[in-house]
Amino acid sequence: MVIQWYPGHMAKAHREMQSSLKVIDIVCYVLDARAPQACINPEYKKLTANKPCVFVFNKIDLADTAKIERLRAELIQRGDACVLLNSQKSSEKSKLIKAFQGIPVAAVEKLKARGVYRPTRILVVGVPNCGKSTLINLLGGKKVAVTGDRPGVTKGQQWVRLCDGIELLDTPGTLWSNFDNQATALRLAFIGSVKDDIIEDLTEVAAELLKELASEYPALLAERYGIDIEQKGGMFVLDDICRKRGYIVRGGEADLERGAKAVIDDFRKGRIGKITLCDFD
């Protein structure tokens, strides 16, 4: 199975984003903290014209904070700003504002010295379903952006003005035209950034998820499903989960499709535990 998904509206969104960069001061790159590395476009430096960037590890309440702290340290070491965020909590707003205000913007400061005040303009980008719209609503203090737990909710660019001298440009969630690394594509499928209905076989996706969880978080997996996972492939683990839960079809076979949907939903809702899928050098 090969995962590729780059519909026309994403190509259009990329073009619009690049045309907007001439008026942008800072890029806010929203990452899903359950698979943050997979959320970063390999060519993001080129796409964002090397603008200053604030990386936001969103959905931190569902993530493995030890791994996230390690990733944050790596980004800070190379000069990027980072924020760990649960965008559904209103108390988190100040962390974001502080991060934005901590980046000096020469154009804004130059105008300010002449008595002219212009808001700092921030471009908000990220893959589908990473929580960008929820983040926008957090900063706006009201429901200014449409939210949802599926990719493709935000359809076009929209400006949101804040009272903190900041303007945000929200953009539709975008992927990139070619997944050279299918491991990255799978992780994006795990977190729902790739639509389930364009995936050929969700049982394969669930099996790959279980394989990775069995390697990285065996105790969480065993506790959630009450099964022995040692030295078993992902499809065998999925079969065991189906039998444990009584997902059986006629003839005594495991209902793998039903089991796959349940496992993927458990992961996305945080029922298995706090998990971050990433790679370290």
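Here, the structure is the one placed above.
Bear in mind that the values here come from a model prediction, so they are computed numbers and not experimental data. (Residues numbered from 1 in each chain as written. Predicted model: local features only at pLDDT ≥ 70, side-chain atom pairs only at ≥ 80, totals over all residues. Heavy atoms only, no water.)

*Asks:* What am I meant to see in the packing of helix α8 (residues 202-216) against helix α11 (residues 256-268) here?
*Replies:* Geometrically, a packed helix pair is captured by the angle between its two axes and the distance between the axes. Orientation of α8 relative to α11, taken along the N-to-C sense of each, is 50°, at an axis distance of 8 Å. Judged by the angle between their axes, α8 and α11 are oblique. Crossing of α8 over α11 shows left-handed handedness. Across the interface between the two elements, Leu202, Thr203, Val205, Ala206, Leu209 and Leu210 of α8 pack against Leu256, Glu257, Ala260, Lys261, Val263, Ile264 and Phe267 of α11. (Axes fitted to C-alpha atoms, helices over the stretch in contact; angles between N-to-C directions. Helix = DSSP H or I, 4+ residues; strand = E, 2+ residues; numbered from the N terminus. Parallel < 35°, antiparallel > 145°, perpendicular 65-115°, else oblique. Left-handed = near helix turned anticlockwise from the far one by under 90°. Contact = heavy atoms within 4.5 Å.)

*Asks:* It is not clear to me how the packing of aromatic side chains should be interpreted in this structure. Could you clarify?
*Replies:* Any aromatic ring pair is given by two values, namely how distant the centres are and how the planes are angled relative to each other. In total, this model carries three aromatic pairs according to the counting rule given. With 5.7 Å between their ring centres and 20° between their planes, Tyr29 and Phe55 make a pair best called stacked. Here Phe55 lies in strand β2 (residues 53-58) and Tyr29 lies in strand β1 (residues 26-32), a separation of 26 residues in the sequence. Joined through ring pairs, the aromatic side chains of Tyr29, Tyr44 and Phe55 make up one cluster. The residue whose ring lies beneath Arg70 is Phe280, and the NZ or CZ to ring-centre distance is 3.8 Å. Above the face of the Tyr225 ring, Arg224 is positioned so that its terminal group lies 6.0 Å from the ring centre. (Phe/Tyr/Trp six-rings, centres within 6.5 Å; stacked < 30°, edge-to-face > 60°. Lys NZ or Arg CZ within 6 Å of the ring centre and 35° of its normal.)

*Asks:* When you look at the pattern of salt bridges in this model, what are you seeing that I'm missing?
*Replies:* In a structure, side chains of opposite charge can pair up when their charged atoms sit close to one another. Tallied over the entire structure, the rule returns 21 salt bridges. With a shortest N-O distance of 3.0 Å, Arg187 and Asp279 are connected by a salt bridge. With Arg187 in helix α7 (residues 182-190) and Asp279 in the segment after α11, this pair connects stretches of sequence that are 92 residues apart. Classification of Arg187 as buried rests on a relative accessible area of 9%. Of the charged contacts in the structure, one is a salt bridge between Asp239 and Arg243, with a shortest N-O distance of 2.8 Å. In this pair, Asp239 and Arg243 both sit in helix α10 (residues 234-245), four residues apart, roughly one turn of the helix. On the basis of relative accessibility, which here comes to 22%, the residue Asp239 falls in the partly exposed class. A single network of salt bridges, built from pairs that share partners, joins Arg224, Arg245, Asp265, Asp266, Lys269 and Arg271. (Salt bridge = Lys/Arg side-chain N within 4 Å of Asp/Glu carboxyl O. Buried < 20%, exposed > 50% of the residue type's maximum accessible area, 1.4 Å probe, protein only.)

Treat this as a map of the structure, not an account of what it does.
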